[in-house]
Each structure stands twice: as structure tokens, then as C-alpha cells.
Amino acid sequence: MIDNNQLLRFTTAGSVDDGKSTLIGRLLYDSKSIFEDQLEAIENTSKKKGHEGVDLALFTDGLRDEREQGITIDVAYRYFTTPKRKFIIADTPGHIQYTRNMVTGASTANAAIILVDARHGVIEQTKRHSFIASLLQIPHVIVCVNKMDLVDFSEDAYNNVINQFEEFSSKMLVKDVRFIPISALLGDNVVNRSENMDWYQGAPLLHTLETMHISSDINKVDARFPVQTVIRPQSDDENRDYRGYAGRVEGGIFRPGDEITVMPSGFTSKIKSIDNYSGELKEAFAPMSVSITLEDDIDISRGDMIVRSNNKPKATQDIEVMLCWLNNSPSRPRTKYSIRHTSNDQKAMIKEIVYKIDIETLERNKEDKTLHMNDISKVKIRTTKPLMIDEYRENRTTGSIILIDDTTNETVAAGMIV
Amino acid sequence: MSKYYLNYLDELESEAIFVLREVWAQFDNPVILFSGGKDSILVTHLAKKAFAPAKIPFPLMHVDTGHNFPETIKFRDDIIKELGVQLIVGSVQESIDQGRVAEEKGKNATRNALQITTLLDAIETNKIDCAIGGGRRDEEKARAKERFFSHRDDFGQWDPKNQRPELWNIFNGKHFEGEHFRAFPISNWTEMDVWNYIQRENIAIPSLYFAHEREVVWRQNSWIPNSEFLILEEHEEIVTKKVRFRTLGDITITGGIESDADTLEKIANEVSGMRQTERGNRSDDKRSESAMEDRKRQGYF
Ligand SMILES: Nc1nc2c(ncn2[C@@H]2O[C@H](COP(=O)(O)OP(=O)(O)O)[C@@H](O)[C@H]2O)c(=O)[nH]1
Ligand SMILES: [Mg+2]
């Protein structure tokens, strides 16, 4: 594999039976990423279930409950590699806990594939998926118009979907949308170009995924370095004087000599060195894990953030977020939750539910003041100590938070800072 | 101007280092589960990078079934010496002697399932709150849903239907007394990624991974090594073959493949042309379609 090959993470969205599992199975199968013993297992199961041929969907339907019920219940990750890129697929199920799972899968994705059944066109679900993709700021969206074989590979059917989609998505913040007519079942325009749709001039899905420009998806301007832990060798070690701040660059570019400020304390210093295991680096950018040493001896610990002095995030105890509720038990008013933002752990309270979004109609509901699983709402949160935040659309890492219920330790909500 | 993006191996490395540092920051008493196989060697290598120039700040733990390849044990002891870290050993033989578990009988008997008890006992007695493993999501379908931080209840059990959602890279390792976590820093690596990286970094791995002459017997579609534990069936015959192992488990159940690959480069080439998953050669996974999931629920690696 070539040295410069990048990693692309994508998620798939679609209603039940739109063909998500089949599409993923097809991508893996046609890119020769399914091993013989896996294929054999699928063949056996297909036979047991009375399918003719191999049901490619079975390849992604992993756990026993799912195999028995024939449904996907959680986010599963799949991998395949082509000579051009390595891919990670977040495969999310298409039913009840859908919002929560799609939000999870979307949180790390560079791209979303939204499946539309060519026979049904854009439906409420499609709007919902597009909304989540825009909410999570997935940089690239590919709308795959599937089951083209069932509409005689008709260009009109395809154009209808495009028109319907563009009509409603103009109101949303999706930067890069593309459309591809496919048949996941037969393989048309998935890996190989379709021979049934001469009228389509664009690239098949895999080629699109292999070539789409993703390196500018990461913020290169606002330098952010949340400190995870401090590296200090033991006193008997030859490196005992070393004191490095370990973390991952989450935005911008750092270089030795940069004037930095440590937040929230406000102390300033200069970067002495940026190190990794192999030695000192000339620069570090997202998402590199490094350790940073400073010219001055200042007190820094986990939860602090090193930033360039001329470009600071906002330090505040009051944040507004688009919150997705993830837990079975609903939100409790006037309850303290743990809030985690990068490596910073604080307590927080939901002060106000500004509105809830009806995920079916995308309308705002200002009356309902309880958050249930899968609800998406705009809320105001007050934290016990300041967080160093950016807006989510500027930076997906320094712009996101989770809430943890201290009575169960479960992650109950995820939020995008607006 | 230089390029401002990472290639896929650097990105995977950076992600794994991030996870390892999160483990160290969020837990009081983590360990690396060290089996002597390539995945746990890789995790150890990444931990070395994550905390350099300091030593790895936590111990390695080996669940010793007593049915080891001798090469594995030597490799383990050498790496411990080199890293200057503590080794914790949980012994399956001791669990058997103490009556905690009973040995399976018959020719296909393995100590694989028995490891679960020994592992959970060792976690409890050593007050370990996070066991870092080399599990990868591409290995097996039950693993495809694992989180980076995977919660275990106070019986050490995994509940795949009730996992904590994991968004972005915010990991929630909060737990109550008696519960622990498993952490999987190389979740997103495939077998091919592992080999490409081992080759790139020239990481030392046990000689068993390289093609070598060995006494073996053909059983369940692979070459099972001759050892003091092997019980020969009537029609079976010990032969000498040039083999290598794709994964390392107990000597009693780990099947080799015939191969001439005796360098990392040749291994990487061979793996990229393989049409069988690496676990296809392990009889512990062949017992039923959900064999792995069942073991994982109970607390397996
Ligand atoms: N004719 C046709 N059927 C398809 C196509 N893609 C999927 N299907 C079928 O639609 C059904 C649902 O597919 P599946 O992949 O399980 O959908 P999921 O629920 O979105 O994962 C299955 O019977 C598939 O065989 C397609 O392109 N053409
Ligand atoms: Mg499905």
C-alpha cells in the first residue's frame, strides 16, 4: 500500500430495508475484503434461512440477537482497504434507537452515505438522516439512489429523487452533496460502473469514496492542544528532568518557539519542543499525538488546554448546545450531571430546554420540557468551572461534549456547541 | 509546504496512543493483557511510544494457560526485561489446582474457556480497573461492536446490548467499585494494518510467526504442533513441515499454515493474498457461529 494513503471514515443511513447492509456487503465483496471462511459462514446461514444465493446483508449483521431477529441493533464497524485508501464504516441500524446510533456513527465520520429507495423517493426518514448529517457536520454526503433495478434503471426516477432532495436540503448546512444511482443487490455503480445506466456520467460509489478530498476537513487554523496527562519519568530514570504534556493536537498547527497560553490559568510561555517517540518534530497538526515541553515551569495538568496566545477559544461556564439524548431514562430537571469536554471533567446542569426538534417534521417544539431517548434539542447548560470551547462547526473536538449520569455512570447525552 | 494530513498508519498509531493515554488518565490501576501474540506486542509497542521517554507506567499481565509455546514465554520474559516493567501472571494451572475450574477432557480439550476464570480472578486480586487488550474489530463479528472503552459489570461480564455510546473520541471510563473496563487501543486496525506497521517499525515478534520446520499433525484443516499435550488419534500421523502461525494461542489449539514466509516483508505479502481470516485456524472459534460472542459475554479477552 502506498505511503500517503489516507483513512476515510463513513457512515451509512437509510430506512429499514433500503439496502444498507446489502450495500456494505457489496462494497466488501466486490473489493475482495470478505474472506472465504466468512463467506462460507454466510452461505450456510443463507441456506438455513432459505435464501437463494448469498445474502450479502448477513455479513454485517453481527451479534446473535441480530442474527436471530434478522435486525441490526447497534453500531458495528467494518473495514476494507483498496489500493487508494483504508475505509472504516460505521454501520448503524435503521429502526427504533436510530437517532442515537446514527449520531454515534456520524460523530467521527468524514462522509455519510444516505440511501434512498428509488421506488419511494425522498421520505421523512431521508430528511431525518440528512438533518442528523448536517447537525453532526459530516463534511461530505453521498445520496445513493438504490434499487435502480426495480425502476428499470430510469433516469427520470433518479432525477426525481435529486429534485426532491435539493428542495428540502437547501435549508440545511450540508457542504458537499453528491448523488449516485446504484443497485446494491446487483452491484451497479457500487464498485463497478453500471452497464445499465449509460445516462449517468459520474463515478461509481467506491471511486467517489477513494478520491474525495478530505484533508481540508480538519481545522488547520485554530491551534488547540487539550492536555491528557503529564509525562514525567521516575526519579531514577536518565530522563528524570523531562516534563512533557501529552495530548493530541485537535486543531491548527503547533511549532517550537510558538507563544502559547495555558487555559484556563492564562499563564503564557513558549513551546520548547514537540516530541514523539522518534524525536523532536518541526511541527504538529491534528490529529497527531505528541508531547509538548515548554520553556517555563508552570503548573499544568489534565483538563488544561494549550493554545496559541493570539488565537484562544472561549472560556465560559454557559454554553448552548444541540443535545441528543442517548439514554433510556429521561432527563431530570435541576440535576447535576458530569460533563466531559476534551480532557476536561466538570459538573453541569441543564438550565433550560430552549426547544425540541420534532425529528419527523423538523419543527421546533417549545412546550415539551423533558428529554427522552433519541430527542434532539437546543439546551442551555451551566458548568461549575469554565470550559474552553469552540463552536462545533469550527471544530468537532473542542466543540463537543457528553453528559454522564453520576448515579449510573452512563453516557446519557451528547452535545454540539453552537 | 509539507502535507498536513497523516497517512492511515500514522493516524491509527496516533489514535491508539490517544486511547492509551486516556486509559492512564482515567484509571488507577490499568494493565496490558500480554499474550505474546502480535496484537499484544503491538499494543505494548504503542504504549512505549505513548509514554516516552518515561517507561510504560503500568504492568503487563499474562494469563498463562500452561499450554504455551516455549518461544512465547521466552519472548515475554525478554520484553519485560527490556521495558523494565512489572509482569503479573495469572495461572490457569493454579485455578485448576484450586478447584476453581475443571479441565476439559478428550482430544479437542482446550484451556481456552478456563482462562476466563483465571483472568477475572487476576483482575480482582490485583485490583485492576482496566485491562488493555489487543482486540480488533475486524477479527470477528462479535468484536465489530466493541467500544474503545468497554464496560464490564462486577461479574466481569459484557452486555453487548447495553454498551455505553461512544461519540467522537470522548471516552467514559467511570465505574463503580468492583467493575472494570477493557480498553482496545487498536480497535480500528485490521490484520493487514498490523503487519504493515510491524514491518514499518521493525517490531520484534516471536519466531513462531516466521516460517520454520516443525513437527505437526493435520487436524481440523490446519497443522497442529506436536507438544507434550498432544494426544494422537489412531489415523493421525506426525510429520515435519515448514509452517508458520498467523495467531498465537495455546499450543494445543493453534494451527499453523504451510508457508515459506520467513521475513516480515514476505509475511505481509502472504497475508495480503490470504483468503481465510486469521481465526479460521483456531479451533476455539469453530465450535459454533456465536462461539466468540458467548465467551466475550462471560468475560473473555
Ligand atoms: N432489487 C433490489 N433489492 C435490493 C437492493 N438492495 C437491497 N435489496 C433488498 O432489500 C432488502 C433489504 O436489504 P437490507 O440490505 O437488509 O436493508 P437494510 O435494512 O437497509 O440493511 C433485502 O431483501 C435486499 O436483498 C437493490 O439494489 N435491488
Ligand atoms: Mg441491515
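Residues numbered from 1 in each chain as written. Chains lettered and ligands numbered in written order. Predicted model: local features only at pLDDT ≥ 70, side-chain atom pairs only at ≥ 80, totals over all residues. Heavy atoms only, no water.

Visitor: Could you give an account of the sheet that holds strand β4 (residues 130-132) of chain B, naming the residues involved and the relevant values?
Guide: Residues and elements named next belong to chain B. Ordered by their spatial adjacency, six strands build an open sheet running β3-β2-β1-β4-β6-β5, and the pairing between neighbours is mixed. Of all strands in the sheet, those with a lone pairing partner are β3 (87-91) and β5 (149-152), marking the two edges. Ignoring strand direction, the axes of neighbouring strands in this sheet form an average angle of 30 degrees. Pairing analysis gives two bridges linking strand β1 (residues 30-33) to strand β2 (residues 60-64), with the strands arranged parallel. Across the sheet, the residue bridging to Ile 32 is Leu 60, located in β2. Helix α2 (residues 38-51) rests against β1, β2 and β4 of the sheet, and its axis sits at about 140 degrees to β1. (Pairing = 2+ DSSP bridges. Helix = DSSP H or I, 4+ residues; strand = E, 2+ residues; numbered from the N terminus. Axes fitted to C-alpha atoms, helices over the stretch in contact; angles between N-to-C directions. Contact = heavy atoms within 4.5 Å.)

Visitor: Outline the site of ligand 1, listing residues and values.
Guide: Residues and elements named next belong to chain A. The environment of ligand 1 is made up of 16 residues, and the closest members are Asp 17, Lys 20, Ser 21, Thr 22 and Asp 149. Within the contact set of ligand 1, an oxygen atom lies 2.7 Å away from a backbone nitrogen or oxygen of Asp 17. In the environment of ligand 1, an oxygen atom lies 3.4 Å from a nitrogen or oxygen atom belonging to the backbone of Asp 18. It is helix α1 (residues 20-30) that provides the largest number of residues to the shell around ligand 1, a total of three residues. Residue classes in the shell around ligand 1 are distributed as five nonpolar, six polar and five charged. (Near = heavy atom within 4 Å. Polar contact = N/O pair within 3.5 Å; in protein donor to acceptor, adjacent residues only side chain to side chain. Nonpolar A, V, L, I, M, F, W, Y, C, P; charged D, E, K, R; others polar.)

Visitor: Report on the packing of aromatic side chains, specifying residues and quantitative values.
Guide: Counted under the stated rule, the structure contains 23 aromatic pairs over all chains. Residues Tyr 392 of chain A and Trp 168 of chain B carry aromatic rings whose centres are separated by 5.8 Å and whose planes lie at 65 degrees to one another, so their mutual orientation is edge-to-face. A residue pair is termed interchain when its members come from two chains, as with Tyr 392 of chain A in the loop between β20 (376-389) and β21 (400-405) and Trp 168 of chain B in the loop between β5 and β6 (180-183). Trp 168 of chain B carries the same exposure label as Tyr 392 of chain A, and that label is buried. (Phe/Tyr/Trp six-rings, centres within 6.5 Å; stacked < 30°, edge-to-face > 60°. Buried < 20%, exposed > 50% of the residue type's maximum accessible area, 1.4 Å probe, protein only.)

Visitor: Just give me the short version of the interface of chain B and chain A, but keep the residues and values in it.
Guide: Counting from both sides, the interface comprises 65 residues of chain B and, opposite them, 81 residues of chain A. Interface of chain B and chain A: buried area, both sides summed, is about 6,600 Å²; carbon and sulfur atoms make up 53% of it. The tally of links from chain B across to chain A stands at four salt bridges. The salt bridge involving Asp 193 of chain B is made with Lys 86 of chain A; its shortest N-O contact spans 2.3 Å. At the boundary of chain B with chain A, the tally comes to 25 residue pairs in polar contact (both at pLDDT 80 or more). (Buried area = accessible area lost by both parts, 1.4 Å probe. Salt bridge = Lys/Arg side-chain N within 4 Å of Asp/Glu carboxyl O.)

Visitor: Describe helix α6 (residues 155-169) of chain A, and please don't skip the residues or the numbers.
Guide: Residues and elements named next belong to chain A. End to end, α6 covers 21 Å across 15 residues, agreeing with the expected 21 Å (1.5 Å per residue, within 8%). Within the sequence span of α6, burial applies to Ala 157, Tyr 158, Val 161, Ile 162, Phe 165, Phe 168 and Ser 169. Buried residues of α6, seen end-on, are gathered within an arc of 145 degrees and therefore sit on one face of the element. Exposed side of α6, more than 90 degrees from the buried face: Asp 156 and Glu 167 are the residues found there. Packed against the buried residues of α6 are β4 (111-117), α5 (124-135), β5 (140-146) and β6 (176-181). Measuring from the side-chain oxygen of the N-cap residue of α6 to the backbone nitrogen of Asp 156 gives 3.2 Å; that N-cap residue is Ser 154. (Expected span 1.5 Å × (residues − 1). Arc of directions from axis to C-beta.)

Coordinates in, geometry out; function isn't part of it.
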